Amino acid sequence: MSIDKSVLDMEQKHLDKTLNTIKDIIERKNLNIEDYKKSIIKRKRFLWEHQNEFYDPDLYSLMDEEDLNVSIVNEDIKKVYKLYRSLESPYFTRIDFIREDELETFYIGLTGIEENYEPVVFDWRAPVGNLYYNYGIGPSKIITKDNSIEGTTTLKRVFTIKMGNLEEVYDNVIGVSDYILQSVLTDNSNEYMKNIVSSIGKEQNDIIRFPISKNLIVEGVAGSGKTSVALHRIAYLLYNQKDLNDKNVLIFSPSDTFSNYISHVLPELGEENVQSTTFKDFAQNFIKGIDLESLTEFIERCYREKNDDETIKRKLDFSYRNVLDDFLKSYFDSLKFTKKIGLKKKFISSDELNRLKSLTNENLSFFDRIDYLSEQVCSLLEIDENKNSEKMHKVIDKLLKVELDPLKIWQIFSKRVLKKIDYEDIFSIMYLYFQINGYPKMGHIKFVVIDEAQDYSLWQLDFLKNIFRSAAFTILGDRNQAINPYLKYDSLEDIKKVFKNASYKSLKNAYRSSKEIMDYASSLLDIKDIHAIRNTKNYKVIKLEECDLKKDLTKNIDTFKSHGFKRFAIITKTKEEKELIEQFQLRDVEVMPVYESKGLEYDAVIVYTSIPNYYKTAEATLLYVASTRALHEL
């Protein structure tokens, strides 16, 4: 809706006033920070020079107090950094909301700004943000933790502000407008993922603001913004959950490349980056001293070599635990006490210990059976179970000569000595390790995000649920992007077999790729319910057979450049094909096998494979993944 000049002038004045307010706040905070820093340095120097005059407890207490003061200064420095960022674009929308005949005006931006305890700009994560994301003009409501405020939205004004300059103003009557969405989507891809605060859709907003107290499974089509939504959800929770900080959050990412790609989003949203790991790196914390095969190495092996498909499939299946449980029962029964346990004048003979051991419930895990036995021994020796059962557990492990090293446990089970652990064996080794040693205690992790969950077996997910027992999970993926040929979900709702009370939500809108690309990709898997949002540039998907590979690739890249694109990728099926193309030393293009491209996006993509190695019907998901990395041209 067009805006008349008087309104533009009024909004320009408001922007000028807001920018001046931010500058004033920055100036005051900088002065306060400098004064505070000088004061801290002065007090620390005093403590250093007079440390011999204090009792140790008093000195430590004063030093802790100064460390706290340093933390306060660091937080103020972070706030000033956010304010400097706000000078570029302090807000992106204005909402007028009437309740009980009283008009309230909210300007909403990336960062909340206050002056004299009054909001100048509301943070997008505040309850009033829902007025922008979930409502158009008409009846609407603000939902807080304590109540729901009903009213009417009478104005929804959207701004484009760049480097402090008001470039565009228009009024909107629906949710997030198609205009602002398309203006975001027409941008070319970037080296790093960008925030989507001004263009979050209602279905995405509902996921972002979903209660932290519940586990959530999100299944979204390629380019539906799953990862971006997960990162904005983290930022939302860090803002609204005061007992949650960046050290309490963990992301499981498909690769280190992808972790780097998403690393700028949370800082853009004003939050510290959270911990991120791949499953391989996480498993390496428990299986030490030997290299583990990563998922991408496993996929390469699957498509390069002839494998024992049935054995691999069996080892990845949840039911393989039964085989391991049978081994653990046999191993437990084979262990015998040969020495008594005594304390002062009380003793328990080896025969009695073996009898007690044989009576432990065989339905319990190996660890829990030893734990139960430890409690019994403490009781018979008349010592406090709460204080001593953990120590007694270690004593019993030692007397029974329980093998605690995961690799040696695996060798006893498999009767094999390995130089590298195959991907499909990692889960068996971890299971044996946890059953004997107990699951690790990671109570400090309160929120876990698992991305690309379609390549996680139910067994893997069960590991993580048991390790992070006090955490809430948000699990995201797309069954149509599975690259593991031995895993296939009919729906990610199947994950409820592990997370039984989880909620399930789906995202059907594809924001990344053009309609032409999504139509082609959908046809590969006969997908009917994808809605491509990006406006088309009428670039048709082109299929070519090579004549001169280097010449053909160079010609395609030059065409992409002539269309104004900046980021290109050549996606191969195998590592060998990638190495072949790298020999050409092509400029301005990234080359990678398909299984390393997950989650990434480029303005234009060339999907290459040799004709003898072309994607088989069973490998159509790989071609789907490769094709949907492209935004504009394929």
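The rules behind these values
- Residues numbered from 1 in each chain as written.
- Predicted model: local features only at pLDDT ≥ 70, side-chain atom pairs only at ≥ 80, totals over all residues.
- Heavy atoms only, no water.
- Helix = DSSP H or I, 4+ residues; strand = E, 2+ residues; numbered from the N terminus.
- Buried < 20%, exposed > 50% of the residue type's maximum accessible area, 1.4 Å probe, protein only.
- Contact = heavy atoms within 4.5 Å.
- Areas by Shrake-Rupley, 256 points an atom, 1.4 Å probe, with all protein chains shown as cover.
- Lys, Arg positive; Asp, Glu negative; His and termini not counted.
- Charge placed at Lys NZ, Arg CZ, Asp CG, Glu CD.
- Salt bridge = Lys/Arg side-chain N within 4 Å of Asp/Glu carboxyl O.
- Pairing = 2+ DSSP bridges.
- Right-handed = clockwise from strand over helix to strand, strands pointing away.
- Axes fitted to C-alpha atoms, helices over the stretch in contact; angles between N-to-C directions.
- Parallel < 35°, antiparallel > 145°, perpendicular 65-115°, else oblique.
- Phe/Tyr/Trp six-rings, centres within 6.5 Å; stacked < 30°, edge-to-face > 60°.

*Asks:* Mind laying out the overall build of the chain, listing which residues take part and the relevant values?
*Replies:* Along the backbone of the chain there are 22 helices and 23 strands. Along the three orthogonal principal directions, the C-alpha set of the chain runs to about 95 × 80 × 55 Å. Counting every position in the chain, which comprises 634 residues, the buried fraction comes to 51%. The contacts of the chain with a sequence gap of at least 6 include a subset with a gap of at least 24, amounting to 70%. For the chain, the accessible area works out to roughly 32100 Å², and carbon and sulfur atoms hold 49% of it. Side chains of the chain give 92 positive and 102 negative charges; the mean places of these two sets differ by 4 Å.

*Asks:* Explain the pattern of salt bridges to me, using residue names and the numbers behind them.
*Replies:* Considering all chains together, one arrives at 37 salt bridges under this definition. The partner of lysine 420 in a salt bridge is glutamate 297, and the shortest N-O contact between them spans 3.5 Å. Within this pair, whereas lysine 420 is found in strand E14 (residues 420-421), its partner glutamate 297 is found in helix H10 (residues 295-304), the two being separated by 123 residues in sequence. Measuring nitrogen to oxygen at the nearest pair gives 3.7 Å for the salt bridge that ties glutamate 362 to lysine 329. Residue glutamate 362 is located in the loop between helix H13 (350-358) and helix H14 (366-380), and its partner lysine 329 is located in helix H12 (residues 320-334); the two are separated by 33 residues in the primary sequence. On the accessibility criterion, lysine 329 (32% relative accessible area) is partly exposed.

*Asks:* Give me the lowdown on the pairing of strand E16 (residues 472-477), citing residues and values where you can.
*Replies:* The buried fraction of E16 is high, at six of six residues. With burial as the criterion, each face of E16 is covered, one bearing Ala472, Thr474 and Leu476 and the other bearing Phe473, Ile475 and Gly477. As paired strands, strand E8 (residues 216-220) and E16 are joined by four bridges and run parallel to one another. Counted as the bridge partner of valine 218 is leucine 476 from E16. Note: strand E15 (residues 447-450) against E16, four bridges, orientation parallel. Counted as the bridge partner of phenylalanine 447 is alanine 472 from E16. For the handedness criterion, the β-α-β arrangement of E15, helix H18 (residues 458-467) and E16 is classed as right-handed.

*Asks:* Go over the sheet that holds strand E20 (residues 568-572) with me, naming the residues and quoting the values.
*Replies:* Here four strands make up an open sheet; going across it, the order is E21-E20-E22-E23 and the pairing parallel. Sheet topology places strand E21 (590-593) and strand E23 (630-633) at the edges, where each strand pairs with a single neighbour. Each neighbouring strand pair of the sheet contributes to a mean axis angle of 45°, computed without reference to strand direction. Bridging between E20 and E21 involves four bridges; their strand directions are parallel. Bridging across to E21, isoleucine 570 finds its partner in valine 591. Packed onto the sheet, helix H21 (residues 575-582) meets E20, E21 and strand E22 (602-608) and runs at close to 160° relative to E21.

*Asks:* Describe the sheet that holds strand E9 (residues 249-252), naming the residues involved and giving the relevant values.
*Replies:* Each strand in a sheet pairs with another by means of backbone hydrogen bonds, the pair being arranged parallel or else antiparallel. Within the open sheet, the six strands sit side by side as E10-E9-E15-E16-E8-E17. Their pairing is parallel. With one partner strand each, in any of the chains shown, strand E10 (275-277) and strand E17 (503-507) form the two edges of the open sheet. Neighbour to neighbour, the strand axes of the sheet diverge by 15° on average, direction disregarded. This element, helix H6 (residues 226-240), spans E8, E9, E15, E16 and E17 of the sheet and lies at about 170° to E15.

*Asks:* Could you give an account of helix H19 (residues 515-525), naming the residues involved and the relevant values?
*Replies:* For an α-helix, the turn length of 3.6 residues means that residues three or four places apart are oriented alike. Residues of H19 that are buried: Ile517, Met518, Tyr520, Ala521 and Ser522. Against the buried residues of H19 lie strand E18 (509-510), strand E19 (531-532), helix H22 (620-627) and E23. Count one or two residues on from H19 and you reach aspartate 526, which has phi positive near 55°.

*Asks:* Describe the packing of H19 against H22, with residues and values.
*Replies:* The geometry of H19 relative to H22 is characterised by a closest axis approach of 9 Å and an angle of 170° between their N-to-C directions. The angle between H19 and H22 falls in the class roughly antiparallel. Contact residues: Ile517, Met518, Tyr520, Ala521, Ser522, Leu524 and Leu525 in H19; Ala620, Thr621, Leu623, Tyr624 and Ser627 in H22.

*Asks:* Report on the packing of aromatic side chains, specifying residues and quantitative values.
*Replies:* Under the definition given, this model contains 35 aromatic pairs. Measuring from ring centre to ring centre gives 5.8 Å for tyrosine 331 and phenylalanine 366, while their planes differ by 20°; the resulting arrangement is stacked. Highlighted residues: tyrosine 331 in helix H12 and phenylalanine 366 in helix H14, separated in sequence by 35 residues. The exposure class of tyrosine 331 is buried, given its relative accessible area of 10%.

*Asks:* Could you give me a rundown of the pairing of strand E5 (residues 138-143), with the residues and numbers involved?
*Replies:* In the sheet, E5 pairs with strand E6 (residues 148-162) via six bridges, with the strands oriented antiparallel. When the sheet's bridge partners are listed, glycine 138 is paired in E6 with threonine 153. The hairpin turn running from E5 into E6, its antiparallel successor, is four residues long.

*Asks:* Run through the packing of helix H16 (residues 406-414) against helix H17 (residues 423-437), naming residues and quoting values.
*Replies:* Two measures define how a pair of helices packs: the angle their axes make with one another and the distance between the axes. Two elements in contact, H16 and H17, have axes separated by 9 Å at closest approach and are oriented at 110°. Between H16 and H17, the interaxial angle falls into the category roughly perpendicular. Contacts between H16 and H17 involve Pro406, Ile409, Trp410 and Phe413 from the first element and Asp425, Ser428, Ile429, Leu432, Tyr433, Ile436 and Asn437 from the second.

*Asks:* Before we move on, can you summarise unusual backbone geometry with the specific residues and values?
*Replies:* Backbone geometry places glutamate 100, a non-glycine residue, at a positive phi of 50°. Relative to the assigned elements, glutamate 100 resides in the loop between strand E1 (93-99) and strand E2 (102-109). The backbone phi angle of aspartate 588 is positive, close to 65°, even though this residue is not glycine. By secondary structure assignment, the location of aspartate 588 is in the loop between H21 and E21.

*Asks:* I'd like a description of the environment of asparagine 307, backed by residues and values.
*Replies:* Take asparagine 307: it is sitting in the loop between H10 and helix H11 (309-316). What makes asparagine 307 buried here is its relative accessible area of 16%. Separated by 54 residues in sequence, asparagine 307 and asparagine 361 have C-alpha atoms that sit 39 Å apart. The contact partners of asparagine 307, leaving out residues within four places of it in the chain, are Arg301, Cys302, Ile312 and Tyr486.

All we've got here are geometric facts, nothing functional implied.
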